[in-house]
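# Geometric and topological summary
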Amino acid sequence: MLGMQSENLFSRTDLCLQQAEPDQKRSCVAELVSAWHDNALNVEAAPLEPIGQPGRPARPRLVPPRELPRRKLTSPEGHAALIHAICHIEFNAINLALDAVYRFRDLPADFYSDWLRVAKEEAYHFGLLRDHLRSLGHDYGDYDAHNGLWEMAVDTAHDALIRMALVPRVLEARGLDVTPGIMHKLAEIGDDQAVEILKIIQRDEVGHVEIGTRWFRYLCEQRELEPEKTFQELLSQYMKGNIKGPLDREARRQAGFTEAELDYLEGAG
């Protein structure tokens with residue numbers, strides 16, 4: 001079926017987005033990316049559904065962040081819960097990348113290539129983390145989680161420019177700041193395997209944030225908007241200026257942040 005030239009990128013992406021079982025979603029993404037690279041998908045107009053909840057398994061149970069218990073990393077439960085939390089972020093990131101492909105139309109083919117690459121890499125990260133979680137005697141879904149990443153996707157579903165500004169450049173960029181500290185803590189308890197996985201994730205996430213930066217600036221140029229000023233305005237409107245620090249300035253520079261943006265973010269914190 002994927003080899004048919006008549007198959008539509010957006011319809012096929014939506015099919016992956018709606019897959020609830022994680023392994024099926026990962027397989028669907030792999031086939032989707034392969035079909036795109038084989039030029040087997042077209043970008044003709046297709047029905048666009050309002051954003052809802054993506055396909056996800058019945059567990060984990062989604063709760064407000066304040067209801068998530070605090071666990072010490074030095075305990076086996078706290079260790080597994082941390083890996084689970086990162087695993088959940090990566091699962092959400094698959095859906096976020098797929099939704100960017102599905103939702104935003106009439107963009108250059110490179111936009112879809114970029115976000116399909118992100119979806120594939122996020123699926124890879126999820127698989128690495130889930131396998132590691134299983135080695136600790138647990139599985140994805142064993143702990144409660146929150147839905148903050150997808151809630152931001154809903155809030156930005158009406159505008160690709162706002163999505164690019166706030167999901168990759170705010171929420172995902174925050175991962176660039178905190179991952180080195182998490183790696184240090186995991187190394188302290190002897191989880192060298194998790195440290196190696198997070199090295200892979202940190203490397204790839206710099207690229208993902210850079211993709212968001214690049215397309216944010218492209219869309220600003222299309223609308224004759226000044227990127228730094230527009231970014232600040234969107235932060236004020238959607239984030240209420242609440243940006244937690246400290247920043248990993250070097251990782252953010254690699255992801256395309258300017259010195260003025262970094263200074264603003266540190267001041268906003």
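Check the entry above for the structure.
Here the structure is a predicted model, which is why all the values come from computation and not from measurement.

## Section: the overall build of the chain
Of regular secondary structure, the chain possesses 10 helices and 0 strands. The order of helices and strands in the chain, counted from the N terminus, is α-α-α-α-α-α-α-α-α-α. Over its C-alpha atoms the chain spans a radius of gyration of 18 Å, differing by no more than 12% from the 18 Å that the globule rule assigns to 269 residues. Restricting to contacts in the chain with at least 6 residues of sequence separation, those with at least 24 account for 79%. In the form shown here, the chain has an accessible surface area of approximately 12,700 Å², with 52% of it arising from carbon and sulfur atoms. For the chain, the distance from the average site of its 31 positive side-chain charges to the average site of its 44 negative ones is 5 Å.

## Some details on the pattern of salt bridges
Scanning all chains against the criterion turns up 27 salt bridges. Across the salt bridge formed by Glu261 and Arg217, the nearest N and O atoms sit 3.4 Å from each other. Here Arg217 lies in helix α7 (residues 192–222) and Glu261 lies in helix α10 (residues 259–268), a separation of 44 residues in the sequence. Given a relative accessible area of 3%, Glu261 falls into the buried group. Here Arg253 makes a salt bridge to Glu259, at a shortest N to O gap of 2.5 Å.

## Regarding the nonpolar core
Formed by 80 residues in total, the largest nonpolar core has its most connected members in Leu9, Phe111, Trp115 and Leu166. The element that contributes the greatest number of residues to this core is helix α3 (residues 76–103), accounting for 13 residues.

## Here we look at unusual backbone geometry
In the segment running from Arg59 into Pro60, the intervening peptide bond is cis, with an omega of 15°. Structurally, Pro60 can be placed in the loop between α2 (22–37) and α3. Notably, Asn39 is not glycine yet its phi reads approximately 60°, a positive angle. On the accessibility criterion, Asn39 (57% relative accessible area) is exposed. Residues other than glycine seldom take positive phi values, yet Asp106 does so here, at roughly 60°. Structurally, the position occupied by Asp106 is in the loop between α3 and α4 (109–135).

Conventions we followed
- Residues numbered from 1 in each chain as written.
- Predicted model: local features only at pLDDT ≥ 70, side-chain atom pairs only at ≥ 80, totals over all residues.
- Heavy atoms only, no water.
- Helix = DSSP H or I, 4+ residues; strand = E, 2+ residues; numbered from the N terminus.
- Rg over C-alpha atoms; globule rule 2.2 N^0.38 Å.
- Contact = heavy atoms within 4.5 Å.
- Areas by Shrake-Rupley, 256 points an atom, 1.4 Å probe, with all protein chains shown as cover.
- Lys, Arg positive; Asp, Glu negative; His and termini not counted.
- Charge placed at Lys NZ, Arg CZ, Asp CG, Glu CD.
- Salt bridge = Lys/Arg side-chain N within 4 Å of Asp/Glu carboxyl O.
- Buried < 20%, exposed > 50% of the residue type's maximum accessible area, 1.4 Å probe, protein only.
- Core = buried A, V, L, I, M, F, W, Y, C linked by side-chain atoms within 4.5 Å.

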